[in-house]
Amino acid sequence: MKHVTGLECIVCGETYDADQIVYTCPNHEGVRGILEVQYDYDAVLDAFDAELDGSIPSQWKYRAFLPVHDDAEAVTLHEGGTELYDAPNLSSELGVETVVKDDGRCPTGVLKDRASSIAVTKARRAGRDVVTCASTGNAAASLAGYAARAGMDARIFVPAAAPESKLAQPLVYGADVLAVNGTYDEAYDLSLEATEAFGWYNRNAAINPFQVEGKRTVGHELAEQTRTDPPDWVVFSMGDGCTIYGGWKGFREFSELGFVDDAPRMLGVQAEGASAIHDAFHEHDGVDDVADTLADSIAVGAPRNTLKACKALSESDGTSVVVSDDEILDAESTLGRTEGIYAEPAGAAPVAGVRKALDEEIVAPDETVCVVVTGNGLKDTESARAAADDVHYVDPVLDDVVEKFGPPETS
Ligand SMILES: *Cc1c(COP(=O)(O)O)cnc(C)c1O
């Protein structure tokens, strides 16, 4: 991996060898998500010969930028390469020109597939046969899918209250699913304890510095897809804060390399009931670590990547907003109704965030916005039912249809 120069602590600047499996900086026991992978961009560019022509079969187009060994065989289900849709109906409803990057179309239905592909590729190259993670649901399902692809075992920890479909999906992929009677934060701590006790490979994005690196490819793609006309704002929801930093780091790299004309400002969106990154960024006092929101993928009380998320917001001259659960559900139905894009609540939250940012005059109506849908609506049909209109039940007789729509016109 001559293109990877090391892991740098973003707090104290200490560097570590990238081939160690180091999760945290030893100088900052207990502070997570602070090691950052460093690259030698001359070496990266020597190996990168793809055309930035907008044709992206998968994130592995950017392999030269990924922290994997040259001889590692990629474990892939063709993650990334997701559509960037123009969204005229949504734009006119929101009152600002909006495009949508739909990562709900990744193989397991979530942007996290970008990171899982890297994690499992690295774990297999390192000769590991068990991978683990803690998850509000999506990372677990994603990791389980990639472990299955690689012929490895996945052992995953989720809060017992995770939506049914997120528990079912990793089971179908053959994972051992441990549903922890407790919060995501407790499931997380247990996964770390088990990682240490059993020596498994831990994919937790919040501590494994390589995870952010896979998520960078969403930023690379956005830069490639908007080269001469990048949006003013890119909007992500934030749970642990790893995704938004990954997206920012990727876009920033392509902008620094001159592949795209400008870098956007990042807008991070959190739920009112789980707003720790927003509170840290705006230096609010008296922050507690409850996580109370139906957007389960961002129901994180104690985010592990707060520092990196805040770095994305400040480096990009961006900011954050919070939205209510009702606003999130409304965003879910708006996205579906206006553009045919089905998002889970955390995936739709950016749309609610754009509304809020327009209200608060953070985003101006003459700017352009890209919302990143991070997860597919099929992941959580229960919330979808709450977001949308009720089903109309009928007996199998035409009269009941007439009752609903009125009598048919006769010609
Ligand atoms: C995990 C997840 C997020 C948030 O990502 P973080 O890295 O935890 O901030 C957002 N949306 C969906 C659908 C997710 O699964």
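A brief report on the enclosed structure follows. All residue numbers refer to positions counted from 1 along the written sequence of the respective chain. Local features in a predicted model are, by the rule used here, given only for residues with pLDDT of at least 70; side-chain atom pairs are given and counted only at 80 or more, and totals for whole chains, interfaces and linings are based on all residues. Only hydrogens and water are set aside; all other atoms, that is, all heavy atoms of the structure, feed into the side-chain values.

Re the site of the ligand
Only heavy atoms are used to decide nearness, and a residue is near a molecule or strand if one of them lies within 4 Å of it. Around the ligand, the surrounding shell holds 17 residues, and the nearest of these are Lys112, Gly239, Asp240, Gly241 and Thr374. Polar contact is defined as a pair of N or O atoms within 3.5 Å, subject to the rule that within protein one atom must be able to donate a hydrogen and the other to accept it, and that residues adjacent in sequence are counted only when both atoms are side-chain atoms. In the model, an oxygen atom of the ligand is placed 2.7 Å from a nitrogen or oxygen of the Gly241 main chain. Here an oxygen atom of the ligand sits 3.1 Å away from a polar atom, N or O, in the main chain of Cys242. In isolation the ligand exposes 380 Å². Once the protein is present, 97% of that is buried. Each cavity reported here is a set of points on a 1 Å grid over the protein atoms alone in which a 1.4 Å probe fits but cannot get out, each pocket an open set with protein on both sides within 12 Å along at least five of seven lines, and each lining residue one with an atom within 4 Å of a point. In this description, a molecule resides in a pocket or cavity if more than half of its atoms sit within 2 Å of the grid points defining it. For the ligand, the cavity whose grid points lie within 2 Å of the majority of its atoms is the largest cavity. Residue type decides the class: Asp, Glu, Lys and Arg count as charged, Ala, Val, Leu, Ile, Met, Phe, Trp, Tyr, Cys and Pro as nonpolar, and the leftover types, Gly among them, as polar. Per-class residue counts for the shell around the ligand are five nonpolar, eight polar and four charged. For the accessible areas, the method is Shrake-Rupley and the probe is 1.4 Å, while residue cover comes only from the protein chains on display.

Some remarks on the sheet that holds strand 3 (residues 35-39)
Pairing between strands is defined by DSSP: at least two bridges between the two strands are required. Helix numbering and strand numbering both begin at the N terminus, where a helix is a DSSP run of H or I of at least 4 residues and a strand a DSSP run of E of at least 2. Spatial ordering of the open sheet is given by 2-1-3, a layout of three strands whose pairing is antiparallel. Of all the strands in the sheet, the pair left with one neighbour each is strand 2 (15-16) and strand 3. The pairing of strand 1 (residues 4-9) with strand 3 spans five bridges and is classified as antiparallel. By the bridge assignment, Cys9 is partnered in strand 3 with Leu35.

Overview of the sheet that holds strand 10 (residues 233-237)
Within the open sheet, the six strands sit side by side as 4-5-13-10-11-12. Their pairing is mixed. In the strand order of this sheet, the two ends are held by strand 4 (84-86) and strand 12 (319-323), each with one partner. Looking at each pair of strands side by side, their axes are set apart by 25° on average, direction ignored. One ladder, built from five bridges, connects strand 11 (residues 265-271) with strand 12; its direction is parallel. Here, axes are lines fitted to C-alpha atoms. For helices the fit covers the stretch in contact, and angles between N-to-C directions go from 0 to 180 degrees.

Concerning a nonpolar patch on the surface
A cluster of nonpolar side chains, namely Val11, Val31 and Leu307, defines an oily patch on the protein surface of about 220 Å² accessible area. Within the secondary structure layout, Val31 lies in the loop between strand 2 and strand 3. Looking at Val31, the relative accessible area reads 33%, which means it is partly exposed. Only residues whose relative accessible area exceeds 30% and that take part in no salt bridge are eligible for patches, with like-charged residues grouped when within 9 Å of each other and nonpolar side chains (Val, Leu, Ile, Met, Phe, Trp, Tyr) grouped when within 5 Å. Within this document, salt bridges are pairs made up of a side-chain nitrogen of Lys or Arg and a carboxyl oxygen of Asp or Glu, the two lying within 4 Å of each other. Only protein chains enter the accessibility calculation, which uses a 1.4 Å probe. A residue is then buried if its area is under 20% of the maximum for its type, exposed if over 50%, and partly exposed in between.

Comments concerning the packing of aromatic side chains
Any two of the Phe, Tyr and Trp rings considered here, Trp counted by its six-membered ring, make a pair once their centres fall within 6.5 Å; the pair's planes then place it as stacked at under 30 degrees, edge-to-face at over 60, or tilted in between. Taken as a whole and assessed by the stated rule, the structure comprises nine aromatic pairs. For the ring pair Phe48 and Phe65, a centre distance of 5.2 Å and an interplane angle of 80° mean the geometry is edge-to-face. Pair noted here: Phe48 is in the loop between helix 1 (41-47) and strand 4 and Phe65 is in the loop between helix 1 and strand 4, with a separation of 17 residues, a long-range link. According to the relative accessible area criterion, Phe65 is buried, its value standing at 0%. Between Phe198 and Trp200, the aromatic rings sit 4.6 Å apart at their centres with planes inclined by 10°, giving stacked as the arrangement. Take Phe198: its relative accessible area is 58%, and that puts it in the exposed class. Of the aromatic side chains, those joined through ring pairs into one cluster are Phe48, Tyr62, Phe65, Phe254 and Phe259. Cation over ring: Lys122 sits above Phe210, and NZ or CZ is 4.2 Å from the ring centre. For a lysine, the NZ atom is tested; for an arginine, the CZ atom; a charge sits over a ring if that atom is within 6 Å of the ring centre and within 35 degrees of the ring normal. Its end group placed over the ring of Tyr188, Arg304 keeps NZ or CZ at 3.8 Å from the ring centre.

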